[in-house]
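In case you want the letters, here they are:
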Amino acid sequence: MPGLTVSSRPAAPLSETSPSPDEMVARAASMRELLRAEQQATEERSFYSEEIHDRFKQLGLYRIMQPKMFGGYEMSVETFYRVVMEIARGCPSTGWCFCLGSAHVLQLASHFGEQAQREAFGDSGEFIAAARDLPAGTVRPVAGGYEVSGTWNYCSGAPYSTHFIGVAKLVDAQGNPDPDGERRLVMIPRADWTLMDDWRGLLGMRGSGSHSIKVDKAIIPEHFVVAGDVLETVDTEAGTPGFHLHGNALYNGRNLGFFHGEFAAILSGIAHAAIDEYDTIIRLTRTVPPLSPGFKAEAADYQRPLGIALGQAAAAREAALGGSRLLAQVSERGSNGGEPFSLEEDLLIEGLQAQSARLSYEVVEMLVRMSGSSNAVRNGRRMERYLRDASVYRSHAQGSFVEIMATELAKVHLAGPGPN
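About the thresholds
Counting from 1, residues in each chain are numbered in the order their sequence is written. Under the rules for a predicted model, residues below a pLDDT of 70 receive no local features and side-chain atom pairs below 80 are neither given nor counted, while totals for whole chains, interfaces and linings still include all residues. Computation of side-chain values covers all heavy atoms of the structure but excludes hydrogens and water. By definition, any uninterrupted DSSP run of H or I lasting at least four residues is a helix, any uninterrupted run of E lasting at least two residues is a strand, and each is numbered from the N terminus. This radius of gyration counts C-alpha atoms alone. The globule rule is 2.2 Å times how many residues there are, raised to the power 0.38. Throughout this description, buried means an accessible area under 20% of the type-specific maximum (1.4 Å probe, protein chains only), exposed means over 50%, and partly exposed covers the range between. What makes two residues a contact is simply this: any of their non-hydrogen atoms within 4.5 Å. Each accessible area is a Shrake-Rupley result for a 1.4 Å probe, and residues are judged covered by the shown protein chains and nothing else. Between any two strands, pairing holds if DSSP finds at least two bridges. The salt bridge criterion pairs a side-chain nitrogen of Lys or Arg with a carboxyl oxygen of Asp or Glu, the two atoms within 4 Å. Scored from 0 to 100, pLDDT records how confident the predictor is in each individual residue. Each Phe, Tyr or Trp ring, with Trp reduced to its six-membered ring, pairs with another whose centre is within 6.5 Å; inter-plane angles below 30 degrees give stacked pairs, above 60 give edge-to-face pairs, and intermediate values give tilted ones. Note on method: axes are straight lines fitted to C-alpha atoms, helices fitted across the in-contact stretch only, with angles between N-to-C directions ranging 0 to 180 degrees. Here is the rule for angles: anything less than 35 degrees is roughly parallel, anything more than 145 is roughly antiparallel, 65 through 115 is roughly perpendicular, and the remaining ranges are oblique. We call a crossing left-handed when the near helix sits turned anticlockwise from the far one by less than a right angle, and right-handed when that turn is clockwise.

## Things to note about the overall build of the protein
Link 1 in the chain: Along its length, the protein carries 16 helices and seven strands.
Link 2 in the chain: Taking 2.2 N^0.38 as the reference for a compact globule, 420 residues should give roughly 22 Å; the C-alpha atoms of the protein span a radius of gyration of 22 Å, in line with that estimate.
Link 3 in the chain: By its C-alpha atoms, the protein is 80 × 60 × 45 Å across when sized along the principal axes.
Link 4 in the chain: In the protein, which comprises 420 residues, the proportion classed as buried is 55%.
Link 5 in the chain: Intrachain contacts of the protein at a sequence separation of at least 6 include 74% that bridge at least 24 residues.
Link 6 in the chain: Accessible area for the protein stands at about 17600 Å²; split by element, carbon and sulfur atoms hold 52% of it.

## Examining helix 6 (residues 92-102)
Residues separated by three or four positions in an α-helix point in the same direction, a consequence of the helix having 3.6 residues per turn.
Link 1 in the chain: Of all eleven residues making up helix 6, eleven are buried, and the element is well covered by its neighbours.
Link 2 in the chain: For helix 6, every residue scored as buried is listed here: Pro92, Ser93, Thr94, Gly95, Trp96, Cys97, Phe98, Cys99, Leu100, Gly101 and Ser102.

## A few points about the pairing of strand 3 (residues 163-170)
Link 1 in the chain: In terms of residue burial, strand 3 counts as a mostly covered element, since seven of its eight residues are buried.
Link 2 in the chain: With seven bridges connecting them, strand 1 (residues 129-142) and strand 3 associate as parallel partners. In the sheet register, Ala130 faces strand 3, and the bridge partner there is Phe164.
Link 3 in the chain: Examined bridge by bridge, strand 3 and strand 4 (residues 183-189) share seven bridges and lie antiparallel to one another. By the bridge assignment for strand 4, Ile165 is matched with Met187.

## Some words on the pattern of salt bridges
Link 1 in the chain: Counted by the stated rule, this structure contains 26 salt bridges.
Link 2 in the chain: Put simply, Glu33, Arg36, Arg89 and Asp276 are held in one network by salt bridges that share partners.

## Details of the pairing of strand 6 (residues 213-220)
Link 1 in the chain: One ladder, built from six bridges, connects strand 2 (residues 145-152) with strand 6; its direction is antiparallel. Within the sheet, the bridge partner assigned to Thr151 lies in strand 6 and is Lys214.
Link 2 in the chain: Two elements, strand 5 (residues 194-195) and strand 6, share two bridges in a ladder whose sense is antiparallel. Across the sheet, residue Leu195 finds its bridge partner in strand 6, namely Ile213.

## Overview of the confidence of the model for the protein
Link 1 in the chain: For the protein, mean pLDDT is 92; residues scoring 70 or higher make up 94% of the total.
Link 2 in the chain: In the model, residues 7-13 has pLDDT below 50 throughout and makes 16 contacts with residues more than four positions away in sequence or in other chains.

## Looking at the packing of aromatic side chains
To describe a pair of aromatic rings, one takes the distance between the centres and the angle between the planes.
Link 1 in the chain: Under the defined criterion, the tally for this structure stands at 16 aromatic pairs.
Link 2 in the chain: Arranged with centres 5.0 Å apart and planes meeting at 20°, the rings of Phe70 and Phe121 form a pair that is stacked. Note that Phe70 is positioned in the loop between helix 4 (50-58) and helix 5 (77-90) and Phe121 in helix 8 (residues 114-121), a separation of 51 residues in sequence. Of the two residues, Phe70 and Phe121, both sit in the buried class.
Link 3 in the chain: Through successive ring pairs, a cluster of aromatic residues spans Phe47, Tyr48, Phe56, Tyr62, Phe80, Tyr81, Phe98, Tyr160, Phe258 and Phe259.

## A short note on the packing of helix 6 against helix 10 (residues 256-284)
To characterise two packed helices, one gives the angle between the axes of the helices and the distance between these axes.
Link 1 in the chain: Orientation of helix 6 relative to helix 10, taken along the N-to-C sense of each, is 160°, at an axis distance of 10 Å. As summarised for this structure, helix 6 and helix 10 are arranged roughly antiparallel, according to the angle between their axes. Relative to helix 10, helix 6 is oriented so that their crossing is right-handed. Along its contact with helix 6, which presents Pro92, Gly95, Trp96, Cys99 and Leu100, the element helix 10 presents Glu262, Phe263, Ile266 and Ile270.

## Quick notes on the environment of Met205
Link 1 in the chain: Among the secondary structure elements, Met205 is positioned in the loop between strand 5 and strand 6.
Link 2 in the chain: In sequence terms Met205 and Pro92 are 113 residues apart; their C-alpha atoms lie 7.0 Å from each other.
Link 3 in the chain: With near-sequence residues (within four places) excluded, Met205 lies in contact with Pro92, Ser93, Trp96, Trp199, Ile266, Ile270, Asp389 and Val392.

## Describing unusual backbone geometry
Link 1 in the chain: In the segment running from Pro289 into Pro290, the intervening peptide bond is cis, with an omega of 15°.
Link 2 in the chain: Inspection of the secondary structure puts Pro290 in the loop between helix 10 and helix 11 (300-335).
Link 3 in the chain: With a phi angle near 85°, Ser46 is a residue other than glycine that sits in the positive phi range.
Link 4 in the chain: With respect to the secondary-structure elements, Ser46 resides in the loop between helix 3 (39-45) and helix 4.
Link 5 in the chain: Positive phi is not limited to glycine here, since Lys217 has a value of about 55°.
Link 6 in the chain: Its place among the elements puts Lys217 in strand 6.

## Things to note about the sheet that holds strand 4
Link 1 in the chain: One open sheet holds the seven strands; their spatial order is 5-6-2-1-3-4-7, and the pairing between them is mixed. The two strands at the open ends of the sheet, each matched to only one other strand, are strand 5 and strand 7 (225-227).
Link 2 in the chain: Alignment of strand 4 against strand 7, held across three bridges, turns out to be antiparallel. In the sheet register, Leu185 faces strand 7, and the bridge partner there is Val226.

Below is the structure:
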C-alpha cells in the first residue's frame with residue numbers, strides 16, 4: 001500500500017504567552033462555521049485541510065497541555081477537553097483528528113526524560129503525535145539504541161504528526177520475544193515512519209486521519225524508549241520523569257481515564273452539533289397530520305426531544321469535565337505526599353467518561369430519529385454524518401470495551417477491604 005504525503009508549513013510564532021482558558025476555548029469556537037463548511041471536504045480528503053491545520057497552530061491550540069519549558073501553555077486537561085468539544089461541534093472528524101494528535105503531548109511530557117523532550121520539541125516547540133497502545137510492532141536493542149519495526153493501524157491524527165508514540169513488544173538481539181512478555185513505549189520521529197493511505201471506506205469519522213503507520217527497522221535512541229506499561233504502572237508517589245522536570249502534577253497522572261475522556265469530549269461536541277442541527281430543522285420544517293399545522297418547533301412532540309437532549313447533553317458535558325477535574329485532584333494529591341493515584345481511581349474516571357460518551361451518543365440517536373428521514377439520513381446531511389461519526393465510537397475499542405473495563409473496575413474494587 002502506498003504512503004501518503006502530507007505537507008505542513010512551519011509553526012507560526014505564538015502571539016502571546018498566557019491566554020486564559022476561556023480565551024483558548026473561544027478561539028476554538030470561532031472556527032465552528034468554517035469547520036462545518038469543510039465537513040464534506042474533510043471526509044473526502046480523510047483529514048482536515050492544511051489551512052485549518054495552520055489556523056490551529058496560529059491559535060496555539062496544539063500547545064494547550066505542552067510544558068511552558070518547551071513553548072507551551074501548560075494548561076489543564078479540562079481546558080483541553082473544552083477545546084476539543086468546540087472543535088468536534090464544528091466537525092466531528094476534525095475534532096477526533098485534532099484531539100488524538102495533540103493529546104499525546106501529555107505522554108511525552110510525563111513519561112519521557114528531559115533529553116527526549118528537548119529533542120522532540122526541538123527549537124520550534126512543534127509536537128503532534130498519533131499514538132497506539134496495542135503492541136503491533138517489535139523493539140529490540142541494537143548498537144546506538146533500539147530498532148523498531150511494525151505497522152500500527154488506527155493512528156488517529158497521523159497526517160500532521162511530527163512523531164509517533166506506540167507500544168511495541170520487546171525482542172532480543174535474535175528477534176525472540178521477551179519471555180515475560182515485556183513491552184516498551186517507543187517514540188519515533190516523522191522521518192522514520194511512513195503514513196499509509198488506508199483510511200477509506202469507514203462508516204464514519206472518515207476525516208479523522210486514522211491512517212496506519214509503518215515503521216521499517218527505524219533506529220531510535222535509548223532515551224526515546226520507556227520501559228513498562230504506562231497504562232497501568234504509573235508510580236505517582238515516586239513521581240514521573242515529567243513531574244520531576246516540570247514540577248506540575250498535570251504530568252504525574254495515570255492514563256486510562258484521560259484516554260477515555262478524549263472520546264467523551266469528542267462525543268459531547270457531536271451531541272451539541274446534533275442539537276444545533278435539530279434546532280434548525282424543526283424551525284424550518286412543518287408538521288404532518290395528525291399534528292396541528294405549523295412548524296415543528298411549535299409542536300410539543302418535537303419540543304420534548306429537544307428539551308431532553310439539552311439536559312442530557314449538559315449532563316454528559318459536565319461528567320466529562322468533572323472527570324478531568326477528578327483526574328487533576330488525585331494527580332495533585334499523589335504528587336504532594338498524599339495517597340497515591342490508584343488504579344481503581346483511574347478505572348473509575350474511565351468509567352465516568354464512558355458514561356458521559358454513552359449519554360452523548362443517546363442524544364445523537366434520538367435527535368436523528370426525530371428529525372425525519374428527509375432531513376436526517378440522506379447522504380451528506382449533517383445529521384446523517386453525526387450519527388455515522390458517533391457510531392464509530394460505539395465500535396471503537398474504547399466504546400466497545402466499556403463493559404470489559406467495568407468488570408476490571410469491579411475486580412480492583414472487590415480486591416480492597418470492602419465497605420467500612
